[in-house]
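Overview (structure and organization)
Given next are the chains, with one letter for each unit.
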Amino acid sequence: MIPVYYDLHIHSALSPCAASDMTPNDIAGMAILNGLDLIAITDHNSLANAAASIKAAEAAQSSSGKKLIVLPGIEVATVEEVHVICLFDSMGSAEAFEAELQPFYPALKNRIDIFGNQILYDESDNITGEVERMLIAPTTISFDELYVLTGKYNGAFIPAHIDRSSFSVISNLGFIPPHLEINTLEISPNGIEQGFCEQNPDITSKNKIITSSDAHYLWAINERVNFIELPELTAKAAIDFLR
């Protein structure tokens, strides 16, 4: 087993609340500079910058000699407004997942003046367009339905920042549904510092816990602090662990 330093909750500039310098190459460069081995691109309700981010990381590896695995993912907002990180070991699986998620996306147009731009990039950080659909709005898929859909494509279903007072499974549902076999939970760095795990042993003792940055700015991406132990540094090994 090897320690794999990670940050599995990073937003690119596709997310309207993220800074414009959260480009594929800048994210990969900062992750490598910080000594990370594994990251995930998890924009709000869209996969659109994941492929470019994977290609940018591959180029960064070639120039730096540092291996960096990028998992494609989406931070999905369910109809209950619970945020869930859905991660996959390949673009093929992630794209098939999003194809089935499409009907649940709301037909609302983004308000740039209120929410910000939703920028698309290629692997060289060239702007290729913007997504007009409002990504910040919740979908119409339920928490349980999303769990089933993620599992259909062998993805990792991770309730996000469960310690927060909004947009979390505990704040919005009041509990973690016991009929779902959820393996991994995310607790924010602030929640860890404030003792959420110690205060909720009935929750944290039953699950694997990860702590990611939820970065919307380059400076917020994790340092080389949190790690998981995997048999090898591959996307499949990471998803197998998280699932």
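Scroll up to find the structure this text is about.
Presented here is an overview of the structure given in this document.

Rules used in this analysis
Residues numbered from 1 in each chain as written. Predicted model: local features only at pLDDT ≥ 70, side-chain atom pairs only at ≥ 80, totals over all residues. Heavy atoms only, no water. Helix = DSSP H or I, 4+ residues; strand = E, 2+ residues; numbered from the N terminus. Rg over C-alpha atoms; globule rule 2.2 N^0.38 Å. Buried < 20%, exposed > 50% of the residue type's maximum accessible area, 1.4 Å probe, protein only. Core = buried A, V, L, I, M, F, W, Y, C linked by side-chain atoms within 4.5 Å. Contact = heavy atoms within 4.5 Å. Phe/Tyr/Trp six-rings, centres within 6.5 Å; stacked < 30°, edge-to-face > 60°. Lys NZ or Arg CZ within 6 Å of the ring centre and 35° of its normal. Axes fitted to C-alpha atoms, helices over the stretch in contact; angles between N-to-C directions. Parallel < 35°, antiparallel > 145°, perpendicular 65-115°, else oblique. Left-handed = near helix turned anticlockwise from the far one by under 90°. 1 Å grid on protein atoms, 1.4 Å probe; cavity = no way out; pocket = protein on both sides within 12 Å on 5 of 7 lines; lining within 4 Å. Points joined across faces, edges and corners; volume = space filled by probe spheres on them. Nonpolar A, V, L, I, M, F, W, Y, C, P; charged D, E, K, R; others polar.

For the chain, the count of helices and strands is 10 helices and 10 strands. The C-alpha radius of gyration computed for the chain amounts to 17 Å, which stays within 12% of the reference 18 Å derived for 243 residues, consistent with globular compactness. If you line up the chain on its principal axes, its C-alpha atoms span 45 × 45 × 35 Å. Taking all 243 residues of the chain together, 54% fall into the buried category.

To continue, consider the nonpolar core. Of all hydrophobic cores here, the largest spans 48 residues; its most connected members are M22, F97, L101 and L146. For F97, the residues in contact, after removing those within four places along its chain, are I74, V76, C86, F88, L146, L149, T150 and Y153. Membership of the second largest hydrophobic core comes to 21 residues, among which are A40, I158, A235 and A238.

Within this structure, the stated rule accounts for five aromatic pairs. With 4.7 Å between their ring centres and 40° between their planes, F88 and F97 make a pair best called tilted. Ring centres of Y147 and F157 lie 5.2 Å apart, and the angle between their planes is 80°; on these two criteria the pair is classed as edge-to-face. Taken together, the residues Y147 in helix α5 (residues 143–152) and F157 in strand β7 (residues 156–159) connect sequence positions 10 residues apart. Classification of F157 as buried rests on a relative accessible area of 7%. The structure contains a cluster of three or more aromatic residues connected by ring pairs, namely F143, Y147 and F157. Over the aromatic face of Y105 sits the side chain of R133, whose NZ or CZ is 3.7 Å from the ring centroid.

Looking now at the packing of helix α1 (residues 24–33) against helix α2 (residues 50–64). It is the contact of α1 with α2, at a shortest axis distance of 8 Å, that shows an interaxial angle of 45°. The pairing of α1 with α2 is recorded here as oblique in orientation. Crossing hand, α1 versus α2: right-handed. On α2, the residues that touch P24, N25, A28 and I32 of α1 are A52, S53, A56, A57, A60, Q61 and S64.

Applying the stated criterion across every chain yields a total of one cavity of 30 Å³ or more. Empty space within the largest cavity amounts to approximately 30 Å³. Lining the largest cavity we find H9, H161, R164, E186, S188, P189, S212, S213 and D214. Taken together, the residues of the lining of the largest cavity sort by class into one nonpolar, five polar and three charged.

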